[in-house]
Amino acid sequence: MANTNTVPLLINGQDIHRETTFEVISPGTGEVCWKAVSASADDAAKAVESAQAAFPSWSQTKPSTRSAILLKAAEILEKNIEKYADYMMAEMGADKDAAQFFVTPLAIAMCRDIAGRISSVCGSIPVVAKEGQSAMVWKEPYGVVLGVVAWNAPYVFGIRSAATAIATGNTTVIKSSEVTPRCYYELGRAFKEAGLPDGVFNVVACRPEDAPAVVNTMIGHPAVRKVDFTGSAATGRKIARTCADHLKPILMELGGKNTAIVLEDADLEKAADECLAGAFLNAGQICMGTDRIAVHTSIAPAFTQVLQQRLEAFSKSAPGPPTVSSSASKERLARLVTSALSSGARLIAGPPAQPPSPATFLPTILADVPPSTTLYHEEAFGPLVSLSTFSTDAEAIAFANSTPYGLHGAIFSRDLRRALGIAKKLEVGAVHINSMTVHDEPALPMGGFLVRKVVTWDD
């Protein structure tokens, strides 16, 4: 989808154009799909000040008013779902299934769910110790909430960051990823069309080299009361340090190194299908994606054969090969594979060499990846998954817990009691029994190890 228009900033409900822009390259074609305005530190400050000015009025709106606007925004997104999916496909190379039938519908469902929860946000009346005295506790909005968001599921992250802030009476500034500036801008426009007052939802994007100044300006602004970040652990550390310097609370959602455990009594076809979906959905560019599959030694040969057969069938039915976000991402994935193979890993599915197209990376499965390799420890974030074996439940648990990135996990077994016992010992935020590691829905909390543990299972 080519378009020569320039994506503006959205500040105080107005499109802001500047001479400084950056090109948005479509990884699917390697060509410029459009340009986007690169915000300056002054633009960032103005966006925060716009949100600050809108806060007194918006914070006093009735829950029913906020709910109605969120529901209208969801309706607009749903009515134009193909258009929004096209933006995502152009900017990040997502396939139609991921963009139109997974990411965007999830964002719409989240928006409606948030709208339905607004009226339930209320305080309490605790009983205090002192005789003749009463007390009330009520919840108030923070003020301006800054969202620094990622590119791989733009509408989901935009709703999760901006809509939750707006729903609870806050105003917001979204600093979008430079990979998907139009997706976030269009989300802001949808809320404006739904009747959201000017200044409540602001969107700025910038060139990567301008990001530190832009983000630090907003974090340091006195009006910003809370920060929400989605992205890599490396960037999260930098933002967390800046927030600490300014004593600003921050909520972070970082990456994951997620393991699917296949026990000897598992339904092999179901486990293979779910592992492949978890590994390769959205070209593997999901924080909850399956990075590692641990299979019991007694069924490893049979499972490997089923996995290869199902991947072959999956590849034949797919509309095209996966496209990752950029040529740089493809090169990084290729280095991970080369390094692992040279260290003793085996290629059990995938091409010996990737096609020459700029950002196409065919699904790849490696076996026996050594602990000395980068792939063993770090998130692949692409259509690349590794296969290992174990002999005992304790070995499987130890392997799954041998990473600091405990986000999601999966267990495949016909024995629910055994699977639940293993789930309790996994150091992850969510475990999914007989379904893939990728599981995100409004009714369930999202987070990693030490936050809480969510367990789901197929009936």
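Calculation rules
- Residues numbered from 1 in each chain as written.
- Predicted model: local features only at pLDDT ≥ 70, side-chain atom pairs only at ≥ 80, totals over all residues.
- Heavy atoms only, no water.
- UniProt positions renumbered as here; feature names shortened; annotations may be inferred.
- Buried < 20%, exposed > 50% of the residue type's maximum accessible area, 1.4 Å probe, protein only.
- Contact = heavy atoms within 4.5 Å.
- Helix = DSSP H or I, 4+ residues; strand = E, 2+ residues; numbered from the N terminus.
- Polar contact = N/O pair within 3.5 Å; in protein donor to acceptor, adjacent residues only side chain to side chain.
- Patch = residues over 30% accessible without salt bridge, like charges linked within 9 Å, V, L, I, M, F, W, Y side chains within 5 Å.
- Areas by Shrake-Rupley, 256 points an atom, 1.4 Å probe, with all protein chains shown as cover.
- Salt bridge = Lys/Arg side-chain N within 4 Å of Asp/Glu carboxyl O.
- Pairing = 2+ DSSP bridges.
- Axes fitted to C-alpha atoms, helices over the stretch in contact; angles between N-to-C directions.
- Right-handed = clockwise from strand over helix to strand, strands pointing away.
- Parallel < 35°, antiparallel > 145°, perpendicular 65-115°, else oblique.
- Left-handed = near helix turned anticlockwise from the far one by under 90°.
- Phe/Tyr/Trp six-rings, centres within 6.5 Å; stacked < 30°, edge-to-face > 60°.
- Lys NZ or Arg CZ within 6 Å of the ring centre and 35° of its normal.
- Core = buried A, V, L, I, M, F, W, Y, C linked by side-chain atoms within 4.5 Å.

An unreviewed UniProt entry lists the protein chain under the name Aldehyde dehydrogenase family protein, from Karstenula rhodostoma CBS 690.94. According to the UniProt record, the Sequence similarities (unreviewed entry) comment for the protein chain reads "Belongs to the aldehyde dehydrogenase family."

(A) Representation of the UniProt feature "active site" (unreviewed entry) in the protein chain within the structure. UniProt marks Glu253 with the feature "active site" (unreviewed entry), using the numbering shown here. Given a relative accessible area of 10%, Glu253 falls into the buried group. Excluding anything up to four places from it in sequence, Glu253 contacts Phe157, Arg160, Phe229, Thr230, Gly231, Cys287, Leu407 and Met446.

(B) Looking closely at the environment of Asp415. By the secondary structure assignment, Asp415 is in the loop between strand E16 (408-412) and helix H14 (416-425). When its relative accessible area of 35% is taken as the criterion, Asp415 is described as partly exposed. From its side chain, Asp415 meets the backbone nitrogen of Arg417 in a polar contact 3.2 Å long.

(C) Spatial organisation of a nonpolar patch on the surface. A contiguous nonpolar patch, built from Ile125, Met136 and Trp138 and spanning about 420 Å² of accessible area, is present on the exposed surface. Mapped onto the elements of the fold, Ile125 is located in the loop between helix H4 (96-117) and strand E6 (144-148). According to the relative accessible area criterion, Ile125 is exposed, its value standing at 66%.

(D) Geometry of the pattern of salt bridges. Evaluated as defined, the whole model comprises 16 salt bridges. For Asp210, the salt bridge goes to Arg207, with nearest N and O atoms at 2.7 Å. Accessibility expressed as a relative area gives 18% for Asp210, which makes it buried. When the shortest N-O distance is used, the salt bridge between Asp368 and Arg346 registers 2.9 Å. Residue Asp368 is found in the loop between strand E14 (364-367) and helix H12 (374-377), and its partner Arg346 is found in strand E13 (residues 346-349); the two are separated by 22 residues along the sequence. By relative accessible area, which is 40% here, Asp368 ends up partly exposed. Classification of Arg346 by relative accessible area gives partly exposed; the value is 45%. Bridged by salt links that share partners, the residues Arg207, Glu209 and Asp210 form one connected network.

(E) Region of interest: the sheet that holds strand E4 (residues 21-25). Strands sit in the order E1-E5-E4 across an open sheet of three strands; the sheet is mixed. Each edge of the open sheet is held by one strand with a lone partner, namely strand E1 (6-7) and E4. In this sheet, strand E5 (residues 32-37) lies alongside E1 in parallel orientation, the contact comprising two bridges. Considered in E5, the bridge of Thr6 is made with Lys35. Where helix H3 (residues 81-92) meets the sheet, its contacts fall on E4 and E5, and the angle it forms with E5 comes to roughly 95°.

(F) Highlighting the pairing of strand E10 (residues 250-253). Of the strand pairs in this sheet, strand E9 (residues 224-230) and E10 are connected by four bridges, and their pairing is parallel. Looking across to E10, one finds that Asp228 is bridged to Leu251. A crossover connection joins E9 to the parallel E10 through helix H8 (residues 233-245); in handedness this β-α-β unit is right-handed.

(G) View of unusual backbone geometry. We note that Asn12 has phi near 55°; this positive angle belongs to a residue other than glycine. With respect to the helices, strands and loops of the structure, Asn12 is situated in the loop between strand E2 (9-11) and strand E3 (14-16). In this structure, Phe381 takes a positive phi of about 55° despite not being glycine. Looking at the element boundaries, Phe381 is found in the loop between H12 and strand E15 (384-390). Relative accessible area serves as the criterion here: at 17%, Phe381 is assigned to the buried category.

(H) Geometry of the packing of helix H7 (residues 211-220) against H8. At a minimum axis distance of 9 Å, the contact between H7 and H8 shows a crossing angle of 30°. Comparing their axes, H8 and H7 come out roughly parallel. Seen along the crossing, H7 lies across H8 with a hand that is right-handed. Counting all contacts with H7, which are made through Val215, Asn216 and Ile219, the residues of H8 involved are Ile239, Thr242 and Cys243.

(I) Spotlight on the packing of aromatic side chains. In the structure shown here, the tally under the stated rule is six aromatic pairs. With 6.4 Å between their ring centres and 70° between their planes, Tyr84 and Tyr87 make a pair best called edge-to-face. In this pair, Tyr84 and Tyr87 both sit in helix H3, three residues apart, roughly one turn of the helix. As far as burial versus exposure is concerned, Tyr84 and Tyr87 are alike and both buried. Ring pairs connect the aromatic residues Trp34, Tyr84, Tyr87 and Tyr155, which therefore count as one cluster. When the ring centre of Tyr84 is taken as reference, the NZ or CZ atom of Lys83 above it lies at 5.0 Å. The side chain of Arg292 reaches across the aromatic face of Tyr376, ending 5.6 Å from its centre.

(J) Structural detail: the nonpolar core. Leu70, Ile159, Ile166, Phe191 and Phe201 are the most contacted members of the largest nonpolar core, which has 60 residues in total. Examining the composition of this core, we find that nine residues originate from one element, H4, more than from any other. Discounting residues that sit within four places of it in the chain, Ile159 has contacts with Leu77, Ala107, Met110, Cys111, Ile114, Thr164, Leu187 and Phe191.

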